[in-house]
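One-letter residues, chain by chain:
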Amino acid sequence: MAEDKVIIKEGIISQSLSGFYSVRSEGQTYVTKPRGNFRHQQLKPLVGDHVTFEWEEGLDPKADQALGRLIEVLPRRNQFVRPSVVNVDDALVVMSLVEPDFSYSLVDQFLASVTSHGIEPHLILTKYDLLLAQEGADQAQDRVAQIQALYEAAGYTVTVMDPASDALANLSQLLHQGLYVVMGQSGVGKSTLLNQLLPQADIETGEISHYLGRGRHTTREVNLYPLNQALIADTPALALDFEQIEKEQVTQLFPEIQELSQECRFRSCLHLEEPGCAVKQALEAGSLAASRYQSYCQLVQKIDQRKPQYHLKKRR
Ligand code: ZN
């Protein structure tokens, strides 16, 4: 049988283990190994990398010892360091309503940092049942409605993880095609959310350990799991920085401020003390949330006070 015609496929690395890489392509998972010259390029493929690989035409990816050859890693769009995952499209920004207390300023920082790396944020509010128990139904509902209205008005999707509602099912429905990470400060319930989203995921072993077939090959590294059209990273991600951002760009990280700024008298308006500022007018009229404006100003200030080291590096 001369059935070894090789075809080129494109996909996303979903797992990395012992020099093997699982690649998701058209709803299937392929085990691959890089071509030798990867080592010379000193390029370590990472989970989330868009890659091309060679595959023997007609070979069943689930067949024993079926193996493809990784040939190229395509350019990266963004990168998380902990965990190491690249080309993230969407972030589920998790914030608890209590324990730890909801923090407007922290949420705004997460939303803005994610946006600055070209990632679409979705706000997820957790521990609603705990808030109910602590404050009673009326007060809890009021508080959550207020937070939800504020962030929806600012242009974000908001999901309240109320165990008594269809929140989880609705959230799963919301996930569109793309690579998702779950992020937020510690103690807000990121792992709980991941376990709820990926109950079927065998977190310990994946396709590669199945391929290797001997013993347990546990990994501390991030894996991607399919859920509907999305791929979800099974390890919560840490915050991103603002190192690439200049203060003139902060407006773009707050959707409602960005929209208002179209009406500012000066195109370069930073919405601080400039005359004819539509953002300040909206703030005074109460149509822009004071907490959002405060977060905006804090971020501008933070970037302003940044050590000049970065600028020296950049000018070269
Ligand atoms: Zn302005």
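Residues numbered from 1 in each chain as written. Predicted model: local features only at pLDDT ≥ 70, side-chain atom pairs only at ≥ 80, totals over all residues. Heavy atoms only, no water.

Points about unusual backbone geometry
Worth spelling out the cut-off: The way it works is that DSSP assigns letters per residue, a run of H or I at least four long becomes a helix, a run of E at least two long becomes a strand, and they are numbered from the N terminus.
A cis amide bond links Arg 82 with the next residue in sequence, Pro 83, at an omega value of -5°. Along the chain, Pro 83 falls in the loop between strand S6 (79-80) and strand S7 (85-86). Positive phi, normally seen in glycine, also occurs at Gln 65, with a value near 65°. In this fold, Gln 65 is placed in the loop between strand S4 (50-56) and strand S5 (68-73).

Focus on the pattern of salt bridges
Spelled out, the test is: One side-chain nitrogen of Lys or Arg within 4 Å of one carboxyl oxygen of Asp or Glu is enough to make a salt bridge. Residue exposure (1.4 Å probe, protein chains only): buried if accessible area is under 20% of the type maximum, exposed if over 50%, otherwise partly exposed.
Counted by the stated rule, this structure contains 10 salt bridges. Between Glu 135 and Arg 143 there is a salt bridge whose closest N-O contact spans 3.1 Å. Overall, Arg 143 belongs to the partly exposed group, its relative accessible area being 28%. Linking Asp 304 and Lys 247 is a salt bridge whose minimum nitrogen-to-oxygen distance equals 3.0 Å. Note that Asp 304 is positioned in helix H10 (residues 290-304) and Lys 247 in the loop between strand S13 (230-233) and helix H8 (255-260), a separation of 57 residues in sequence. The partly exposed category is assigned to Lys 247, whose relative accessible area is 23%. Because the salt bridges share partners, they merge into one network encompassing Asp 108, Glu 256 and Arg 292.

Concerning the sheet that holds strand S2 (residues 20-25)
Consider a sheet: its strands pair through backbone hydrogen bonds, and that pairing is either parallel or antiparallel. As a reminder, the rule being used: Between any two strands, pairing holds if DSSP finds at least two bridges. Between N-to-C directions, angles span 0 to 180 degrees; the directions come from axes that are lines fitted to C-alpha atoms, helices contributing only their stretch in contact.
Pairing in this closed barrel of five strands is mixed, and the strands run S1-S2-S3-S5-S4 around the ring. Along the sheet, successive strands turn relative to each other by an average axial angle of 55°, direction set aside. Bridging between strand S1 (residues 6-17) and S4 involves seven bridges; their strand directions are antiparallel. Looking at S4, one finds that Ile 8 is bridged to Glu 54.

Structural notes on the packing of aromatic side chains
Quick reminder of the rule: For Phe, Tyr and Trp, where Trp contributes only its six-membered ring, two rings pair if their centres lie within 6.5 Å, and the inter-plane angle classes them as stacked under 30 degrees, edge-to-face over 60, or tilted in between.
Overall, the coordinates contain nine aromatic pairs when judged by the stated rule. Ring centres of Phe 102 and Tyr 104 lie 4.9 Å apart, and the angle between their planes is 85°; on these two criteria the pair is classed as edge-to-face. According to the relative accessible area criterion, Tyr 104 is partly exposed, its value standing at 29%. Ring geometry for Phe 254 and Tyr 296: centres 5.8 Å apart, planes at 85°, overall edge-to-face.

Side note on the coordination of the zinc ion
Note the cut-off: We call an atom a donor if it is N, O or S and sits within 2.8 Å of the metal, or 3.2 Å for Na, K and Ca. Water is not counted, so some sites may look partial. Every geometry call rests on angle ranges, with four donors termed tetrahedral when all angles are between 85 and 135 degrees, four termed square planar and six termed octahedral when opposite donors are over 155 degrees apart and all others are between 65 and 115, and everything else termed irregular.
The protein atoms donating to the zinc ion are Cys 264 (SG), Cys 269 (SG), His 271 (ND1) and Cys 277 (SG), with metal-donor distances spanning 2.1 to 2.4 Å. With four donor atoms in place around the zinc ion and angles of 102 to 116° between them, the coordination shape is tetrahedral. Judged by relative accessible area, Cys 269 falls into the buried class, the value being 6%. The class of Cys 277 is buried, set by a relative accessible area of 3%.

Structural notes on helix H4 (residues 137-153)
Defined as follows: How far a helix is expected to stretch is found by multiplying one less than its residue total by 1.5 Å. Between two residues, a contact is recorded if the distance between any of their heavy atoms is within 4.5 Å.
Its 17 residues place the ends of H4 24 Å apart at the C-alpha level, agreeing with the 24 Å of an ideal helix rising 1.5 Å per residue. Each element contacted by the buried residues of H4 is listed here: helix H2 (104-116), strand S9 (120-126), helix H3 (128-135), strand S10 (158-160) and H10. One or two positions beyond H4, positive phi appears at Gly 155, with a value near 110°.

Comments concerning the environment of Pro 255
Mapped onto the fold, Pro 255 is located in helix H8. Sequence-wise, Pro 255 and Ala 112 are 143 residues apart; in three dimensions their C-alpha atoms are separated by 9.4 Å. Ignoring sequence-local partners within four residues, the contact set of Pro 255 consists of Ala 154, Tyr 156 and Arg 292.

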